[in-house]
Amino acid sequence: MKNKIRLALILVAFAFISLSSCHKESSDDVNQSRIFTSYELYYNADEDITHARASFRFGNITGTLLELSAPSEVRFNNQLLSFNSTLAYYEKSYAGFVQSGTFTWKNTEGTVFNNTIEIHSVDYPALLDTIYRDASLEFIWQGDSLGANEVLTLSISNDLGEAQLFSQATINSKSIILPLNKLQLLEEGEAKIWMDRKYSPPLVEKTSAGGTITSRYRPVNRTVYLK
């Protein structure tokens, strides 16, 4: 037992050190046109909090993370985002649902990039309490049909650690088919459901390295019975 506890403590410490030592550079050390930008506006209804996040990398989406050097800064709806040194991204959180807004990044040379994003909401079927595992199911959500650059993801997991992931990205879709063979991989009993609606239009103002902008909406997680 002592050895198991010691091993668990070592793994936790290693994970913390790995996060804390996330390699990053200052943005004034690199060519400003080679900075890859990532923006995200994420609403989590379980928290009732909207998170505006931005991260910067050199070259591409897998490049070295960057910390902005003055006078470079990033804002959302003209409010300054704060740097999280552990996770190496910028963030500001808002109470409640912020449906849309504009990320504004100024690089060290004073060039300004503005990109606007909106969140597309979604919700579960009104009477969702039981999912039967003896046939496939068309899961019809509440909310608009999917548009371009959208994907809806649904996850079902139980206390045994079993989980199945389903997704839909077809334009004009308003449902996901949950196949019989995947439902049967889950044991009977209570299960948790979470759902994400993700919208990722192309950036309007960007460097030559490019970037991404994404919104996500997650309704309050549901508990259902798998029968």
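Numbering of residues starts from 1 in each chain and follows the order in which that chain's sequence is written. Per-residue local features are limited, in this predicted model, to residues with pLDDT of at least 70; the limit for side-chain atom pairs, both in listing and counting, is 80 or more; totals at the level of whole chains, interfaces and linings are taken over all residues. Excluded from the side-chain calculations are hydrogens and water; all other atoms, namely the structure's heavy atoms, are used.

Okay, the pattern of salt bridges next. By definition here, a salt bridge exists when the distance from a side-chain nitrogen of Lys or Arg to a carboxyl oxygen of Asp or Glu is within 4 Å. By the definition in use, this model includes 7 salt bridges. With its nearest N and O atoms 2.8 Å apart, the salt bridge here joins Arg 75 to Glu 73. Of the residues examined, Arg 75 reaches a relative accessible area of 24% and is grouped as partly exposed. Counted as one network, the salt bridges with shared partners bring together Glu 40, Arg 53, Glu 91, Asp 196, Arg 216 and Arg 218. Buried residues are those whose accessible area, probed at 1.4 Å on protein chains only, stays under 20% of the maximum for their type, while exposed residues exceed 50% and partly exposed ones sit between those limits.

Here the focus is the pairing of strand β5 (residues 73-76). Burial of the side chains of β5 is restricted to one face: Val 74 and Phe 76 are buried, whereas none of Glu 73 and Arg 75 on the reverse face is. A pair of strands is labelled paired if DSSP reports no fewer than 2 bridges between them. Secondary structure elements are defined from DSSP: runs of H or I of at least 4 residues count as helices, runs of E of at least 2 residues count as strands, and each element is numbered from the N terminus. Of the strand pairs in this sheet, β5 and strand β9 (residues 100-106) are connected by 4 bridges, and their pairing is antiparallel. Directly across from Phe 76, in β9, lies its bridge partner Phe 103. Where β5 and strand β6 (residues 79-80) come together, 2 bridges link them in antiparallel fashion. Bridge assignment links Arg 75 to a residue of β6, and that residue is Leu 80.

Only centres within 6.5 Å qualify two rings of Phe, Tyr or Trp (six-membered ring in Trp) as a pair; their planes then separate them into stacked at under 30 degrees, edge-to-face at over 60, and tilted for everything else. Scanning all chains against the criterion turns up 10 aromatic pairs. When the centroid spacing of 5.0 Å and the interplanar angle of 25° are considered together, the rings of Tyr 39 and Phe 103 count as stacked. Placement of Tyr 39 in strand β2 (residues 35-44) and of Phe 103 in strand β9 is noted, with a sequence separation of 64 residues between them. The buried category is assigned to Tyr 39, whose relative accessible area is 2%. Centroid distance Tyr 43 to Phe 97: 4.9 Å. Interplanar angle 50°. Geometry classified as tilted. One end of the pair, Tyr 43, is in strand β2; the other, Phe 97, is in the loop between β8 (89-95) and β9, with 54 residues separating them in the sequence. Under the relative-accessibility criterion, Tyr 43 is labelled buried at 7%.

Bringing the sheet that holds strand β10 (residues 112-118) into the picture now. The strand order across the open sheet formed by 4 strands is β6-β5-β9-β10, and the pairing between neighbours is antiparallel. Strands at the two margins of the open sheet, each flanked by one partner only, are β6 and β10.

Here Ile 49 shows up in strand β3 (residues 49-58). Note on Ile 49: relative accessible area 27%, which makes it partly exposed. For Ile 49 and Ala 95, which are 46 residues apart along the polypeptide, the C-alpha to C-alpha distance reads 4.8 Å. By the convention used here, residues are in contact when the closest approach between their heavy atoms is within 4.5 Å. With residues near it in sequence (within four places) discarded, Ile 49 still touches Tyr 42, Tyr 43, Asn 44, Ser 93, Tyr 94 and Gly 96.

A separate point is the environment of Leu 203. By the element assignment, Leu 203 lies in the loop between β16 (189-199) and β17 (211-218). Since its relative accessible area comes to 9%, Leu 203 is described here as buried. In this structure the C-alpha to C-alpha distance between Leu 203 and Phe 113, which are 90 residues apart in sequence, comes to 9.9 Å. Sequence-distant contacts of Leu 203, defined by excluding residues within four places in its chain, comprise Thr 37, Tyr 39, Asn 115, Gly 210, Gly 211, Thr 212 and Ile 213.

Read these as spatial facts, not as claims about activity.
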